[in-house]
Amino acid sequence: MGLNRRDFFKYVTVAGAAVAGSGQSAQAWQSRAPSDPVGSLVDLTRCIGCRKCEEACNRVNDLPAPDQSFEDYTVLNRKRRPDERAYTVINRYTSGMIDERDQLVPTFVKLQCMHCQDPACVSACIAAALTKKENGTVHYDVTKCIGCRYCMVACPFEIPAYEYHNPITPKVMKCTFCYERVQSQNKLPGCAEICPVEAITFGRRSDLLKVAHDRIKSNPGRYVDHVYGEREVGGTSWMYLSAVPFEKLGFNTLPEQPIPRLSETIQHSLFSYMWSPIVLFGMIGGVMWASKDKSDRVENGKKGGAS
Amino acid sequence: MIRTGPVIIGFMMFALVGFCWCGPALAAADVTAPKPSVEKVVWTAPDQEAAKKRAAQVVPFVEAVMDECRLCRQQRLRDMGLNVKDQTESYYLLNSPIIRKTEDHYGPVRFMHAKHAGVTKDCALCHHYRPVDDTAMETTRCSACHQKPFQKDHPERLGLKAAYHQQCMGCHKEMNNGPIDCAGCHRKNVPDHKDKINLAANPEPSQVTSECLRCHKPAGEDMLKSAHWLWKGPSPYTLKHRKEVELGKATIATNNF
């Protein structure tokens, strides 16, 4: 006797209840963010768009020479993204405001990996090539990378780039937060060191948050009351202060929940105790059993007639 | 051939000036001319040596400064009778080892202290705080308070480099007077081109141009957009070219590649 319609719905209902039940009973998601990471605070009101950070980044990371010189400011006429040849880029935005010299007041925005506290790329990486280091760096280990590029899909800031031009030994390319320089050589990240106006302040994330809020508080007319990266996707190591609302500067409006929270909760509750494969294969088995019975019957009935 | 000489030199100058416009004399002298004695004509200001010595000093770090508003400070300086006439040095070379430790991209800024003081007539504009220490001078150097960036104990104290840049550029912008670009204050450290140029003993003019273009490719591309290259009209006022209708490097120059 096969699976009739009534039984089928019965099983599906039981399975559905199991899904809902296990979702609640699964362990609550835990953040694995380091407690005292380093970070950088980018004050966009200070940035003068000199592109020295791009130049320093290129030098300290031994990246290939750019197509246009770092002193060529015409590149600012178009919007760029960090790519496999540049870990960081500066973009220029104008709000239409004009200064005393009748020039459009520009706001320069530095883009690089934000080094999230709970990085979606680390969560998505199936080979543990991307890891969140204790000092806050989201670190990439090329020897473990299998080139699946899930990190590129996962990143809410669309940062990781891939060396598509290199078919044999391609790498995922993104800002390293100068991990070696900071950890072993006790130096500053290349960009923070070279910045002529300290638009980039490097330090402990907790200190930087204090600095950021102090700056807003002591000069409320200069800044919008928002530290981008304080809460976005659960907090990032790179944070921004700005005079212009962030959404006008190409910043994505992101939820305060860490991205891996949802994906990992779904993933972990789906596979806890292997219940979902068991249910799935049980159901497939049931359907196969039922339909086999039916087709046998059909075949029996049409015997001799069909072929 | 006779005519191409100046053209080549002109183009080289153009290419190099376009690129190293902060040190054209140096760069061009290295490459084009057979070394006109650069060293001999160097003139140094009489106070240059003293300024160099001052620039090399690192003064003790000032931990705390007196917290007073700009107006209070201006008034206090006025009350003390301190003004522009009291300055001891008129010229500073901004070349502190604090910055040199990490940077070597630009030459030091030559800062005319007296001129800036004379124009602004306000010491407190730059000397915005005084050390809490009573024995310290009323106005101290920038580098007394601003040294290494990102010090944990002084999170809002700018490093020396940023303090200079923010102060100078900020004020120049505000006053709408004075340079706000890199080369306006700094001479760029142009690398010595002697080792970079790879030419045979008696190169053809076109070889020289192509050697320049090997590194300075955009300079060549810029040239192609310039009137030098694109000019096609008559040139009635140029000697020997009065009757020629077509001019411009694109049409008549020998090495117009």
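Counting restarts for each chain: residues are numbered from 1 in the order of the written sequence. For naming, the first written chain is A and the first written ligand is 1, with later ones following in the order written. Given that the model is predicted, a residue must reach a pLDDT of at least 70 before its local features are reported, and side-chain atom pairs must reach 80 or more before they are shown or counted; all residues, however, enter totals for whole chains, interfaces and linings. Side-chain calculation: all heavy atoms of the structure are included, whereas hydrogens and water are not.

Visitor: Which parts of the structure should I look at to understand the overall build of chain B?
Guide: Regarding its fold elements, chain B presents 14 helices and two strands. Partly exposed residues are those whose accessible area sits between 20% and 50% of the maximum for their type, while under 20% is buried and over 50% is exposed, using a 1.4 Å probe and protein chains only. Within the span of chain B, comprising 257 residues, buried residues form 32% of the whole. Any two residues whose heavy atoms approach within 4.5 Å at even a single point are treated as in contact. Sequence-distant contacts in chain B: of pairs separated by 6 or more residues, those separated by 24 or more amount to 60%. As displayed, chain B has an accessible area near 16600 Å², and 60% of this comes from carbon and sulfur atoms. Counting from the N terminus, the helices are the DSSP runs of H or I reaching at least four residues and the strands are the DSSP runs of E reaching at least two. To be clear on the numbers: accessible area is Shrake-Rupley with a 1.4 Å probe, and residue cover counts the displayed protein chains and nothing else.

Visitor: It is not clear to me how the sheet that holds strand E1 (residues 38-43) of chain A should be interpreted in this structure. Could you clarify?
Guide: Note: strands within a sheet are paired through backbone hydrogen bonds, in either parallel or antiparallel orientation. All names here are of chain A. The rule for pairing is simple: two strands pair if DSSP sees at least two bridges between them. Strand order in the open sheet made by the three strands is E8-E1-E9, with mixed pairing throughout. Because the sheet does not close on itself, it has two edges, and the strands there are strand E8 (200-204) and strand E9 (238-241). In this sheet, neighbouring strand axes are inclined to one another by 25° on average, regardless of whether the strands run parallel or antiparallel. For every element, the axis is a line fit to its C-alpha atoms; helices are fit only across the contacting stretch, and the angle between N-to-C directions ranges from 0 to 180 degrees.

Visitor: I keep staring at the side chain of Glu 264 of chain A and nothing clicks. Help me out?
Guide: Residues and elements named next belong to chain A. For Glu 264, the position within the fold is in helix H8 (residues 259-271). Residue classification places Glu 264 among the buried residues on the basis of a relative accessible area of 7%. Two N or O atoms count as a polar contact when they lie within 3.5 Å, although within protein this holds only if one can serve as hydrogen donor and the other as acceptor, and sequence-adjacent residues are included solely when both atoms are side-chain atoms. Side-chain polar atoms of Glu 264 contact the side chain of Ser 123, separated by 2.7 Å.

Visitor: Got a minute to help me understand the state of the cysteines in this structure?
Guide: One covalent bond between the sulfur atoms of two cysteine residues makes up a disulfide. Residues and elements named next belong to chain B. Note on disulfides: each one is a pair of cysteine sulfur atoms within 2.5 Å. Using the criterion set out here, one finds one disulfide over all chains in the structure. Residue pairing for Cys 69: its cysteine sulfur links by disulfide to Cys 72, the two sulfurs lying 2.2 Å apart. On the sign convention where negative means left-handed, the S-S torsion of about 85° between Cys 69 and Cys 72 marks this disulfide as right-handed. Unpaired in this structure, Cys 123 has its nearest cysteine sulfur neighbour in Cys 126, at a distance of 9.1 Å.

Visitor: When you look at the interface of chain B and chain A in this model, what are you seeing that I'm missing?
Guide: You'll often see interface size given as the accessible area lost when the parts meet. Opposite the 25 residues of chain B that make contact, chain A presents 23 residues. Simply put, the buried area is the total loss of 1.4 Å probe accessible area from both parts when two parts are fitted together. Both faces combined, the contact of chain B with chain A buries some 2000 Å², and carbon together with sulfur accounts for 50% of it. Salt bridges are identified by distance alone: a Lys or Arg side-chain nitrogen within 4 Å of an Asp or Glu carboxyl oxygen. The interface formed by chain B and chain A holds three salt bridges in total. The partner of Glu 71 of chain A in a salt bridge is Lys 188 of chain B, with the nearest N and O atoms 2.4 Å apart. For the pair chain B and chain A, the number of links is 10 residue pairs in polar contact (both at pLDDT 80 or more). Residue type decides the class: Asp, Glu, Lys and Arg count as charged, Ala, Val, Leu, Ile, Met, Phe, Trp, Tyr, Cys and Pro as nonpolar, and the leftover types, Gly among them, as polar. A per-class count over the side of chain B that touches chain A returns eight nonpolar, nine polar and eight charged.

Visitor: Quick question: what am I supposed to make of the confidence of the model for chain B here?
Guide: Detailed reading of predicted coordinates is not advised where the pLDDT is low. Residue and element names in this part refer to chain B. Scored by pLDDT, chain B has a mean of 80; 76% of the residues are at 70 or more. Ignoring residues within four places in sequence, the model shows residues 9-34, a span with pLDDT below 50, making 42 contacts including any to other chains. Complex prediction metrics read pTM 0.75 and ipTM 0.78. Scored from 0 to 100, pLDDT records how confident the predictor is in each individual residue.

Visitor: I would appreciate a short explanation of the pattern of salt bridges in the present structure.
Guide: Residues and elements named next belong to chain A. Applying the stated rule across the entire model yields 21 salt bridges over all chains. A salt bridge links Arg 46 to Asp 43; the nearest nitrogen and oxygen atoms lie 3.8 Å apart. For Asp 43, a relative accessible area of 0% corresponds to the buried category.

Visitor: What am I meant to see in the pairing of strand E3 (residues 104-111) of chain A here?
Guide: Consecutive residues of a regular strand have side chains that alternate between opposite faces of the sheet. All names here are of chain A. Both strand E2 (residues 89-98) and E3 contribute to a ladder of seven bridges, which runs antiparallel. Directly across from Thr 94, in E3, lies its bridge partner Pro 106. Between E2 and E3, which pair antiparallel and follow one another directly, the connecting turn spans five residues, one of which, Asp 102, has a positive phi of 60°.

Visitor: Looking at this structure, I do not really get a nonpolar patch on the surface. What am I missing?
Guide: Residues qualify for a patch when their relative accessible area is over 30% and they have no salt bridge, like charges being joined within 9 Å and the nonpolar side chains of Val, Leu, Ile, Met, Phe, Trp and Tyr within 5 Å. A contiguous nonpolar patch, built from Leu 262, Ile 266, Leu 270 and Phe 271 of chain A and spanning about 390 Å² of accessible area, is present on the exposed surface. Considering the arrangement of structural elements, one finds Phe 271 of chain A in helix H8.

Visitor: Mind showing me how you'd approach the nonpolar core here?
Guide: General note: in soluble globular proteins, nonpolar side chains tend to be found buried as a group. Residue and element names in this part refer to chain A. Buried Ala, Val, Leu, Ile, Met, Phe, Trp, Tyr and Cys residues form a nonpolar core when they are joined through side-chain atoms within 4.5 Å. Counting 45 residues, the largest nonpolar core has Leu 44, Phe 157, Tyr 228, Tyr 240 and Phe 251 as the members making the most contacts within it. Put simply, the parts of the chain that give this core at least two residues each are E1, helix H2 (52-60), E2, E3, helix H6 (190-194), E8 and E9. In contact with Tyr 228, other than residues within four places in its own chain, are Met 114, Phe 157, Trp 238, Met 239, Tyr 240, Phe 246, Phe 251, Asn 252 and Leu 254. Ranked by size, the runner-up nonpolar core spans 10 residues in total, among them Leu 41, Leu 208, Ala 212 and Val 227.

Visitor: Please clarify how the environment of Thr 169 of chain A should be interpreted in this entry.
Guide: Residue and element names in this part refer to chain A. With respect to the helices, strands and loops of the structure, Thr 169 is situated in the loop between strand E6 (161-162) and strand E7 (172-173). Using a relative accessible area of 52% as the deciding quantity, one classes Thr 169 as exposed. Spatially, the C-alpha atoms of Thr 169 and Gly 147 are 9.5 Å apart, while their sequence positions differ by 22 residues.

Visitor: For this particular structure, what's the right way to read the packing of aromatic side chains?
Guide: Geometrically, a pair of aromatic rings is defined through the distance of the ring centres and the angle of the planes. Side-chain rings of Phe, Tyr and Trp, where Trp is taken by its six-membered ring, are said to pair if the distance between their centres is within 6.5 Å; with planes under 30 degrees apart they count as stacked, over 60 as edge-to-face, and otherwise as tilted. Within this structure, the stated rule accounts for seven aromatic pairs over all chains. Taking 5.9 Å as the distance between ring centres and 90° as the angle between the ring planes, the aromatic pair formed by Phe 177 of chain A and Phe 202 of chain A counts as edge-to-face. One end of the pair, Phe 177 of chain A, is in the loop between E7 and helix H5 (179-183); the other, Phe 202 of chain A, is in strand E8, with 25 residues separating them in the sequence. For Phe 177 of chain A, a relative accessible area of 3% translates into the label buried. Relative to Phe 251 of chain A, the ring of Tyr 228 of chain A has its centre 4.6 Å away and its plane inclined at 55°; by these criteria the two rings are tilted. Of this pair, Tyr 228 of chain A sits in the loop between helix H7 (205-218) and E9 while Phe 251 of chain A is found in the loop between E9 and H8, placing the two residues 23 residues apart along the sequence. The exposure classification of Tyr 228 of chain A matches that of Phe 251 of chain A, with both residues buried. Here, a charge over a ring means that NZ of Lys or CZ of Arg falls within 6 Å of the ring centre while also lying within 35 degrees of the ring normal. The ring of Tyr 93 of chain A has Lys 79 of chain A lying over it, and the distance from NZ or CZ to the ring centre is 4.5 Å. Across the ring face of Tyr 92 of chain B, the terminal group of Arg 54 of chain B is positioned such that the distance to the ring centre comes to 4.6 Å.

Visitor: What am I meant to see in helix H12 (residues 217-224) of chain B here?
Guide: Since there are 3.6 residues in each turn of an α-helix, residues three or four apart along the chain are aligned in direction. All buried positions along H12 of chain B are accounted for by Ala 219, Gly 220 and Met 223 of chain B. One face of H12 of chain B carries all of its buried residues, which in axial projection span an arc of 100°. Note that the arc is computed from the directions linking the helix axis to the C-beta atoms.

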